[in-house]
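Below are the chains, spelled out letter by letter.
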Amino acid sequence: FARIPVAMAVAFAVALFFAEGSRQAWYWVLLSPLAAIFAATTLDFLRERWGNWSAYVAGALFIGATLVSVGGGIWLNQNKTRMAPLGEYLNSHVKPGEVIMGSGEVAFLVEFRNFIDDREFGRASNRKPDWIVFSNSDVASLEQETPERYRYFQALVANEFRVVHNQGPYVVWQRIRPSSQ
């Protein structure tokens, strides 16, 4: 009976890995239910096979490794060091009323002001962004997952935008405004 949840967890983890390849390691929230299923069934198997002591040792090792992994990421504060320069740039350059489109996590940096999480870049909504903020990995996954949308994105940024910030994993494009002379 315990093998069914393990098989389901493994199948889901593999599918998640391929379907959500653009997700990064800090998306632990997606995998934590699977890890819990796997840990519980593994500990149950060890308890039945070798007794309670083996399950306790394995459980302690699993919990310790999880705490070191998650705690280490928190201690290093990777998101702050990765995202702080981007947030500072956007908050100092984006004017009130200008529309930003990009990855959802960027919304937190600009306090959701005029931010639209639109992976169609306004194609479906007819909204015209003034700024586009996307990570390099998001662009790569866009190319793999939806080549048509990727071609639209490439044409959009090539013809109507210019790169104004490219530090860390994120690129910021600003709409080119016609000069009024």
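To start, this report covers the structure provided alongside it. (Residues numbered from 1 in each chain as written. Predicted model: local features only at pLDDT ≥ 70, side-chain atom pairs only at ≥ 80, totals over all residues. Heavy atoms only, no water.)

The next subject is the pattern of salt bridges. Within the structure shown, the criterion is met by three salt bridges. The partner of Glu-148 in a salt bridge is Arg-123, with the nearest N and O atoms 3.4 Å apart. Of this pair, Glu-148 sits in helix α7 (residues 147-160) while Arg-123 sits in the loop between β2 (115-116) and β3 (131-135), and the two are 25 residues apart along the sequence. The exposure class assigned to Arg-123 is partly exposed, which follows from its relative accessible area of 29%. For Arg-175, the salt bridge identified is with Glu-160, shortest N-O distance 2.4 Å. One end of the pair, Arg-175, is in strand β5 (residues 170-175); the other, Glu-160, is in helix α7, with 15 residues separating them in the sequence. (Salt bridge = Lys/Arg side-chain N within 4 Å of Asp/Glu carboxyl O. Helix = DSSP H or I, 4+ residues; strand = E, 2+ residues; numbered from the N terminus. Buried < 20%, exposed > 50% of the residue type's maximum accessible area, 1.4 Å probe, protein only.)

Where helix α6 (residues 136-145) meets α7, the axes come as close as 5 Å, and the angle between the chain directions of the two elements is 130 degrees. Overall, the two elements α6 and α7 adopt an arrangement that is oblique. Crossing hand, α6 versus α7: left-handed. Contact with α6, carried on its side by Val-139, Leu-142, Glu-143, Gln-144 and Glu-145, involves Pro-147, Arg-149, Tyr-150, Phe-153 and Gln-154 of α7 and no other residues of that element. Of the residues belonging to the contact of α6 with α7, the class tally is five nonpolar, two polar and three charged. (Axes fitted to C-alpha atoms, helices over the stretch in contact; angles between N-to-C directions. Parallel < 35°, antiparallel > 145°, perpendicular 65-115°, else oblique. Left-handed = near helix turned anticlockwise from the far one by under 90°. Contact = heavy atoms within 4.5 Å. Nonpolar A, V, L, I, M, F, W, Y, C, P; charged D, E, K, R; others polar.)

This part is about the nonpolar core. Judged by nonpolar contacts, the single largest core of 15 residues is most densely connected at Leu-86, Leu-90, Ile-100, Val-106, Val-133 and Val-172. Put simply, the parts of the chain that give this core at least two residues each are α4 (78-93), α5 (106-109), β3 and β5. Of all the elements, α4 adds the most residues to this core, at four residues. Residues contacting Ile-100, with those up to four places away along its chain left out, are Val-94, Val-110, Arg-113, Asn-114, Phe-115, Ile-116, Trp-131 and Val-133. Counting residues in each nonpolar core, the second largest holds 12 residues, with Val-139, Leu-142, Phe-153 and Trp-173 among its members. (Core = buried A, V, L, I, M, F, W, Y, C linked by side-chain atoms within 4.5 Å.)

Turning to the environment of Glu-120, a few remarks are in order. Looking at the secondary structure, you find Glu-120 in the loop between β2 and β3. On a C-alpha basis, the gap between Glu-120 and Tyr-150 in space is 9.3 Å, while along the polypeptide they are 30 residues apart. Residues within four places of Glu-120 in sequence aside, it is in contact with Arg-149 and Tyr-152.

Together, Phe-45, Trp-50, Trp-53, Val-57 and Leu-61 give the surface a local cluster of nonpolar side chains, amounting to about 590 Å² of exposed area. If you list the elements that add at least two residues to the nonpolar patch, you get α2 (28-50) and α3 (52-76). Inspection of the secondary structure assignment puts Val-57 in helix α3. The exposure class of Val-57 is partly exposed, given its relative accessible area of 44%. (Patch = residues over 30% accessible without salt bridge, like charges linked within 9 Å, V, L, I, M, F, W, Y side chains within 5 Å. Areas by Shrake-Rupley, 256 points an atom, 1.4 Å probe, with all protein chains shown as cover.)

Take the pairing of β3 next. Burial of β3 is extensive: five of the five residues sit out of reach of the surface. Alternating positions in β3 separate into two faces, Trp-131, Val-133 and Ser-135 on one and Ile-132 and Phe-134 on the other, with burial throughout. Of the strand pairs in this sheet, strand β1 (residues 100-102) and β3 are connected by three bridges, and their pairing is parallel. Counted as the bridge partner of Met-101 is Ile-132 from β3. Of the strand pairs in this sheet, β3 and β5 are connected by five bridges, and their pairing is antiparallel. Paired with Ser-135 across the strands is Tyr-170, a residue of β5. (Pairing = 2+ DSSP bridges.)

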